[in-house]
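Secondary and tertiary structure notes
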Amino acid sequence: MSKPSEYPAVVILDGDMAGQHWILEDEVTTVGRDDICTIVIPNRRISRQHIAIKRMPDDRYIVEDLESKNGTWHNGNRLEGSRDLADGDEIHLALSVRLRYIGSGITAPVTQDLPDVIPSAAFRGRLKIDTEARRVFINDEELDPPLSLPQYRLLEMLYMNSHRVCTREEVVEKVWPEAMGEGVSEQAIDALVRRLRDRLAEADEDWQYIITVRGHGFRLDNPD
């Protein structure tokens, strides 16, 4: 699938699926948690069938909220019913996962080389992550020994979402997905954050990479 497509596309900006994209060739593209959806996002905050993106007879595309439990936002505004889509529009599902609509006017290629839709700040700075190899670098030096799996999962989530604060609920969902039904204590989350801070400080004691935003969660401060 290397030929260009005249159809528009959507790309995921956040989380484990960041960078994945879909060409909107069908008349109706559904997005949600259910396996029957065209785009399946396994996030418990997203409804089974959350939104639909529809191609209209005049070749306009619209986004429609499918009575989702936690809501949908279009360019920062709560979506009620449906709204026209334009190139670059952002669709925020349950204030958890963001999509970007890439209009057909730019001819999106059906490859991994879509426009730069992931915030560039995620890939600049002292700290860098090779997400495929799961390797972490600070000032171009690899962390050795590697982070534990929970530490890596937390850091990768903050890194891929460096433009926003990640909630404690999102930390639990990312780091301990098997424990979602049982719950994870606040003390366990704080202990993990503390251990990760200590590991990063071993490589760069001059900077505090993980910031606690009281009452909200955590964010990554990754200086250029």
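Residues numbered from 1 in each chain as written. Predicted model: local features only at pLDDT ≥ 70, side-chain atom pairs only at ≥ 80, totals over all residues. Heavy atoms only, no water.

Per an unreviewed UniProt entry, the protein goes by FHA domain-containing protein and derives from Phototrophicus methaneseepsis.

Attention now goes to the overall build of the protein. When its secondary structure is counted, the protein shows three helices and 17 strands. Taking all 224 residues of the protein together, 44% fall into the buried category. The long-range fraction of contacts in the protein, counting pairs at least 24 apart against all pairs at least 6 apart in sequence, stands at 46%. (Helix = DSSP H or I, 4+ residues; strand = E, 2+ residues; numbered from the N terminus. Buried < 20%, exposed > 50% of the residue type's maximum accessible area, 1.4 Å probe, protein only. Contact = heavy atoms within 4.5 Å.)

Bringing the sheet that holds strand β13 (residues 135–138) into the picture now. On the basis of which strands lie adjacent, the open sheet formed by three strands has the order β12-β13-β14 and antiparallel pairing. Either end of the sheet is taken by a strand with one partner, and the two such strands are β12 (127–130) and β14 (141–142). One ladder, built from two bridges, connects β13 with β14; its direction is antiparallel. For Phe137, the partnering residue across the bridge sits in β14 and is Glu142. Each of β12 and β13 touches helix α1 (residues 149–160); the most contacted strand, β12, lies at about 110 degrees to it. (Pairing = 2+ DSSP bridges. Axes fitted to C-alpha atoms, helices over the stretch in contact; angles between N-to-C directions.)

With six of eight residues buried, helix α2 (residues 168–175) lies mostly within the body of the structure. All of the buried residues along α2 are Glu170, Val171, Val172, Glu173, Lys174 and Val175. The elements touched by buried residues of α2 are α1, β15 (166–167), α3 (186–203) and β17 (217–220).

The side-chain alternation of strand β1 (residues 9–12) yields two buried faces, one formed by Ala9 and Val11 and the other by Val10 and Ile12. Relative to strand β2 (residues 21–23), β1 runs antiparallel, the two being bridged by three bridges. Paired with Ala9 across the bridge in β2 is Ile23.

Looking now at the layout of surface pockets. Its volume calculated, the largest pocket comes out at about 370 Å³. In terms of lining residues, the largest pocket is bounded by 18 residues, among which Gly15, Asp16, Pro42, Asn43 and Glu173 are the most central. Looking at which element gives the most residues to the lining of the largest pocket, the answer is α2, with three residues. Classifying every residue of the lining of the largest pocket gives eight nonpolar, four polar and six charged. Each of domain 1 (9–102) and domain 2 (127–220) accounts for three or more of the residues forming the lining of the largest pocket. (1 Å grid on protein atoms, 1.4 Å probe; cavity = no way out; pocket = protein on both sides within 12 Å on 5 of 7 lines; lining within 4 Å. Points joined across faces, edges and corners; volume = space filled by probe spheres on them. Nonpolar A, V, L, I, M, F, W, Y, C, P; charged D, E, K, R; others polar. Domains from an automatic or database assignment.)

Here we take up the pattern of salt bridges. Counted according to the given criterion, the structure contains 13 salt bridges. Close ionic contact of Glu64 with Lys54 constitutes a salt bridge, the shortest N to O distance being 2.6 Å. Within this pair, whereas Glu64 is found in strand β6 (residues 61–65), its partner Lys54 is found in strand β5 (residues 51–55), the two being separated by 10 residues in sequence. Of the charged contacts, one joins Arg60 and Asp58 as a salt bridge, the two residues approaching to 2.8 Å between their closest N and O atoms. With relative accessibility at 48%, the residue Asp58 sits in the partly exposed group. Salt bridges here are not isolated pairs; linked through shared partners, they connect Asp58, Arg60 and Asp84. (Salt bridge = Lys/Arg side-chain N within 4 Å of Asp/Glu carboxyl O.)

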